[in-house]
Amino acid sequence: MLKRENRLKKRYQYSYVYRAGKKASGNALTLYASTSKTKFIKVGFCVTKKVGKATRRNLARRRLREIIKKQLPNLKQNYNIIIVAKDNILSVTFADLQAELITLLEKLGLFENEKSN
């Protein structure tokens, strides 16, 4: 689980990121990112019923949470990020999912220094 200060919780936070943020898409993920007034990086996840029933959606969320948790120290602060899972997310291996997420984060310029894990 992400720390409380690193989670997007409210509907207005999600709405702002969707409206004002930059977007990058891959095969299994879409990423939205916008600047924030807080000093923390905040992450939200969106996994719809297109992915499957609750157990499959939870599996996708757990995978994404684990990947982003390892990348948090390398990311720029003062950003809000939403990670949207596409319906084929569970057909992708964990390593490929991790590589895709890192690529999308780099595409949006969210890494503090250009080096990632």
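Criteria and thresholds
Residues numbered from 1 in each chain as written. Predicted model: local features only at pLDDT ≥ 70, side-chain atom pairs only at ≥ 80, totals over all residues. Heavy atoms only, no water. Helix = DSSP H or I, 4+ residues; strand = E, 2+ residues; numbered from the N terminus. Buried < 20%, exposed > 50% of the residue type's maximum accessible area, 1.4 Å probe, protein only. Lys, Arg positive; Asp, Glu negative; His and termini not counted. Salt bridge = Lys/Arg side-chain N within 4 Å of Asp/Glu carboxyl O. Contact = heavy atoms within 4.5 Å. Core = buried A, V, L, I, M, F, W, Y, C linked by side-chain atoms within 4.5 Å.

(A) Main features of the side chain of Lys42. Summarising the element assignment, Lys42 is placed in strand β3 (residues 42-47). We note that Lys42 is buried and unpaired, the nearest opposite charge coming from Glu5 at a distance of 8.0 Å. Excluding residues that lie within four positions of it along the chain, Lys42 makes contacts with Glu5, Asn6, Arg7, Leu8, Gln13, Tyr79, Asn80 and Ile81.

(B) Local environment of the nonpolar core. In terms of nonpolar packing, the biggest core is built from 32 residues, with Ile68, Leu75, Ile81, Ile83, Ile89 and Leu105 touching the most fellow members. At the level of elements, β2 (29-35), β3, α2 (54-71), β4 (79-85) and α3 (94-107) are the ones that each hand at least two residues to this core. With five residues, the top contributor of residues to this core is α3. With six residues, the next largest nonpolar core counts Tyr14, Val17, Ile82 and Val84 among its residues.

(C) Inspection of the pattern of salt bridges at higher detail. This model, assessed by the stated rule, comprises one salt bridge. A salt bridge links Lys69 to Glu66; the shortest N-O distance between them is 3.9 Å. Pair noted here: Lys69 and Glu66 are both in helix α2, with a separation of three residues, about one helical turn. When its relative accessible area of 37% is taken as the criterion, Lys69 is described as partly exposed. Given the relative accessible area of 32%, Glu66 is considered partly exposed.

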